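Descriptive structure summary
These are the residues of each chain, in order.
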Amino acid sequence: MKKLFSILFVCLLLAGICAGCASTETADGRTVVHFLNWGDYIDPDVIPMFEEENPDIKINMTTVPSNEEMYVIATTEGTQIDIVVPSEYMIQRLMLEDRLAVLDHSKMENYRYVADFVKTCTYDPDGQYSVPYTWGTFGLLYNIEMTGEEIDSWDALFDPKYKKQILMYDSIRDSVGLALIKLGYSINTKNQQEIDEAAALLVEQKPLVLAYGTDDLRMTMINGSAALAPMYAGDAAYSMMDNPDLRYVIPKEGANIFVDGMCILKTTDVYDAALRFVDFMMRPDIAALNAEYNCYSTPEDDALLLVDSELLENTAFNPPKEDLENCEYYEHLEKDVLRMYEDAWMKVKIA
Amino acid sequence: MKNRQISGVINSRKVFALPYVAWIAIFTVAPLILILLYAFTDTGSGGVMILTAENLARAFSPLYMTVFWRSVLMALIATAVCLLLGYPVAYMLSRMKQSRAAILSILFILPMWMNFLLRTYAWRALLDNAGIINQGLMALGIEPVQFLYTEGAIIFGLVYNFLPFMILPIYSVFQKMDTSCIQAAQDLGANKWQTFWRVTLPLSKGGIVSGVTMVFMPAMTTFVITRLLGGSHFMMYGDLIEMEFLLMSEWNFGSALAVVMLILTILFMWLMRKYDKEGEGGALL
């Protein structure tokens, strides 16, 4: 009897947890849209503005630090997420796994503002499953006072004269990817030998590296504790405003270009409300607000007109379009291929 | 000893144990079962779950075992340093006047009231090349030292964070120790060293065993210190498990690694229990 009681207790607890996560309505009857976003990626005023214009909807935002974690949270059963903002390779994966809802363009007024060059990413040319939120490149940030010269190539990250002044990104595809670019290969290669070469190059580079990191690299560069770091354009633009010695370049060998897009998950119960929010986010004044806040480039020319001129002149925020010609998008890689990248990075980590 | 206490409680006041039983069932037993389930299975074609030992075999492959042994080594060094630093401190505390010892032990515990991450971030600022310590060195005319992002910094971080877990159990054993044994040894002609080696040390074994357990296990599984103080040059086993779950979405392989970790934990507990047959490990509680 006692045993039965404790089992019952456990079940009740579990039921309580599930009931908590599946709520699609607030106590006062507003529809709740669960929005899974990156940290520091939206102007804090934007959600209150939306909720004021749409009093029947409440946005519940959660943040994650990486595409991979976004995937884990969005696809774990029992969690209620309606809108996600993955990068293009993760969108591709979600599309392949049939997890995304088709966006109804007849209900989106603002899609027309999105520039063509980001619409034409190969994975979703018609914006059927995603609409671009931000775009950017993964280039090289350097401190011109410390390097003493202008830099235009990934070679600098492997140059012994910058020993212990180099920071590297602690992320599998970004780091293996930049080594692949330096070697003249594609960042989406499925060739084991090319990946091995990239791993060997990174192992060789290891004694030169001061530290591997992600978001914390920004602070180290602003402090002037290191001279060079590969960095996402948005983080670079932010850093350059705090330290005028910092310069951003898309190396001549090329770089990764990315587009983060808003998608609605197929599992949503609040499709219409979610779509209204996605459309609101594409309105040029809102896109401009967000761009000024997170320093990532907006894909809308009309929004650029509203952005602060200092930011507009920043080469990380608004790079010359001809520099983008060499840039390559990530493609979603199958598990077996991804494992080759993972093993390559492991070799670097244990070296 | 602990187990006997728990079963005693269940026999006499069963109802009060229920929240605890439920807690353990939901947050310890159920996740353990899930980890085992994930570790021995994989998702085959079409999303079907298949039974396989492949993930475990991969976890035992040389690439991942290198990370494992490195973590063991780092944790052992940190534990040894904690023991060497903590033992004399615990001894001195126990020989002080009660009031003074109370104040000093609070000073040891005080940092633990602050968040572990915050403290580690603070050390980053202190150890940085442009940090306070290096500025002080430069003011004295000494070349700045690269403290941050070295193996030494990781060991330091481990020792700093886990030292109180070594001091407290040893201190509590010393407090309860029957000093007449030591006096008897002295009366019978043992010199200071003989007294220490043959009386004090064996009597404090229980405290050492719980201290070592409480430092070694968390040191082995830690995962942020390597990132914050070690600049991610090296990976500890905790980092590896985190990476598999969060970055690679490889729950099956991540669970297999967690199982390897679990095996080590069980082996270590068994080893410690063997050295502590009298059950003095409970001295901590």
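Here's a quick rundown of the structure. (Residues numbered from 1 in each chain as written. Chains lettered and ligands numbered in written order. Predicted model: local features only at pLDDT ≥ 70, side-chain atom pairs only at ≥ 80, totals over all residues. Heavy atoms only, no water.)

**Let's talk about the interface of chain B and chain A**
The condition is simple: By definition in these notes, contact holds between two residues if any of their heavy atoms fall within 4.5 Å. When two components associate, each loses some accessible surface as probed by a 1.4 Å sphere; the sum of these losses over both components is called the buried area. A pair is scored as a salt bridge if a Lys or Arg side-chain nitrogen falls within 4 Å of a carboxyl oxygen belonging to Asp or Glu. Secondary structure elements follow DSSP: runs of H or I no shorter than four residues count as helices, runs of E no shorter than two count as strands, and numbering proceeds from the N terminus. By the convention adopted, Pro, Cys, Tyr, Trp, Phe, Met, Ile, Leu, Val and Ala count as nonpolar, Lys, Arg, Asp and Glu as charged, and the other residues, Gly among them, as polar.
Contact residues are listed per partner, giving 31 residues for chain B and 31 residues for chain A. Buried area between chain B and chain A, both sides added, is near 3000 Å², and the carbon and sulfur share of it is 62%. Put simply, chain B and chain A have 5 salt bridges between them. Salt-bridge contacts for Glu-342 of chain A lead to Arg-58 of chain B; the nearest nitrogen and oxygen are separated by 3.3 Å. Elements supplying a minimum of two residues to the side of chain B that touches chain A: helix H2 (14–39), helix H4 (62–95) and helix H13 (237–247) of chain B. The element best represented in the side of chain B that touches chain A is H13 of chain B, accounting for 6 residues. Looking at the side of chain B that touches chain A residue by residue, the classes come out as 17 nonpolar, 6 polar and 8 charged.

**Here's the deal with the pattern of salt bridges**
The condition is simple: Residue burial is assigned from relative accessible area. The probe radius is 1.4 Å, only protein chains are included, and a residue is buried under 20% of its type maximum, exposed over 50%, and partly exposed in between.
Evaluated as defined, the whole model comprises 21 salt bridges over all chains. Between Asp-152 of chain A and Lys-252 of chain A there is a salt bridge; the shortest N-O distance is 3.9 Å. Here Lys-252 of chain A lies in the loop between strand E8 (246–249) and strand E9 (256–264) and Asp-152 of chain A lies in the loop between helix H6 (144–147) and strand E5 (166–169), a separation of 100 residues in the sequence. One salt bridge in this structure joins Asp-343 of chain A and Arg-58 of chain B, with 3.9 Å as the shortest N-O distance. Linking Asp-343 of chain A in helix H15 (residues 335–350) with Arg-58 of chain B in helix H3 (residues 54–59), this pair reaches from one chain into another. Residue class for Arg-58 of chain B comes out buried when judged on its relative accessible area of 13%.

**Here we look at the side chain of Gln-205 of chain A**
Residue and element names in this part refer to chain A. Inspection of the secondary structure puts Gln-205 in helix H8 (residues 192–205). For Gln-205, a relative accessible area of 1% gives the class buried. In contact with Gln-205, not counting residues within four places along its chain, are Leu-157, Phe-158, Ile-166 and Met-168.

**Examining the pairing of strand E4 (residues 131–143) of chain A**
Residue and element names in this part refer to chain A. Definition in use: Two strands make a pair as long as DSSP finds a minimum of two bridges between them.
Most of E4 is tucked away, with 13 of its 13 residues classed as buried. Here E4 runs beside E9; their pairing, made up of 7 bridges, is antiparallel. If you follow Pro-132 over to E9, its bridge partner there is Gly-261. Both E4 and E8 contribute to a ladder of 4 bridges, which runs antiparallel. Residue pairing in the sheet places Asn-143 in a bridge with Leu-246 of E8.

**Here we look at helix H11 (residues 271–281) of chain A**
Within H11 of chain A, 8 of the 11 residues are buried, which leaves it mostly tucked inside the rest of the structure. Of the positions making up H11 of chain A, those classed as buried are Ala-273, Ala-274, Leu-275, Phe-277, Val-278, Asp-279, Phe-280 and Met-281 of chain A.

**Brief notes about unusual backbone geometry**
Residues and elements named next belong to chain B. Although it is not a glycine, Tyr-149 adopts a positive phi angle of roughly 65°. Mapped onto the fold, Tyr-149 is located in the loop between helix H7 (132–139) and helix H8 (151–176). Of note in this structure, Ser-232 is not a glycine but carries a positive phi near 55°. Mapped onto the fold, Ser-232 is located in the loop between helix H12 (225–228) and H13. Judged by its relative accessible area of 4%, Ser-232 is buried.

**Re the environment of Val-215 of chain B**
All names here are of chain B. Topologically, Val-215 is positioned in helix H11 (residues 205–221). Linking Val-215 and Thr-79, residues 136 residues apart in sequence, is a C-alpha distance of 5.9 Å. The residues contacting Val-215, other than those within four sequence positions of it, are Thr-79, Cys-82, Phe-162, Phe-165 and Met-166.

**Quick notes on a negative patch on the surface**
Residues and elements named next belong to chain A. What counts here: Each patch is assembled from residues with relative accessible area greater than 30% and no salt bridge, linking like charges that lie within 9 Å and nonpolar side chains (Val, Leu, Ile, Met, Phe, Trp, Tyr) that lie within 5 Å. Each accessible area value is a Shrake-Rupley result obtained with a 1.4 Å probe; residue values ignore everything except the protein chains displayed when judging cover. In this count, Lys and Arg are taken as positive residues and Asp and Glu as negative ones, while His and the chain termini are left out. Charged side chains are reduced to one point each, which is NZ for Lys, CZ for Arg, CG for Asp and CD for Glu.
A contiguous patch of negative charge on the surface is contributed by Glu-292, Asp-308, Glu-310 and Glu-313. Summarising the element assignment, Asp-308 is placed in the loop between helix H13 (301–304) and helix H14 (309–312). Look at Asp-308 and you get partly exposed, because its relative accessible area is 39%.

**With respect to a nonpolar patch on the surface**
Taken together, the side chains of Phe-60, Ile-263, Leu-267, Trp-270, Leu-271 and Tyr-275 of chain B define a hydrophobic patch exposed on the protein surface, amounting to about 640 Å² of accessible area. Within the secondary structure, Leu-267 of chain B is located in helix H14 (residues 251–275).

**Remarks on the side chain of Asp-43 of chain A**
Residues and elements named next belong to chain A. The following threshold applies: Any N or O atom pair separated by 3.5 Å or less is treated as a polar contact, with the protein-specific requirement of one donor-capable and one acceptor-capable atom, and with residues adjacent in sequence counted only for side-chain atom pairs.
By secondary structure assignment, the location of Asp-43 is in the loop between strand E1 (31–38) and helix H2 (46–53). Arg-283 is the oppositely charged side chain nearest to the buried, salt-bridge-free Asp-43, at an N-O distance of 12 Å. Separated by 2.8 Å, the side chain of Asp-43 and the backbone nitrogen of Asp-45 make a polar contact. With residues near it in sequence (within four places) discarded, Asp-43 still touches Leu-289, Asn-290 and Tyr-293.

**A few points about the pairing of E5 of chain A**
Residue and element names in this part refer to chain A. Of the two faces of E5, the one carrying Ile-166 and Met-168 and the one carrying Leu-167 and Tyr-169 are both buried. As judged from the 4 bridges shared by E5 and strand E6 (residues 209–213), these two strands associate in the parallel manner. Bridge assignment links Ile-166 to a residue of E6, and that residue is Val-209.

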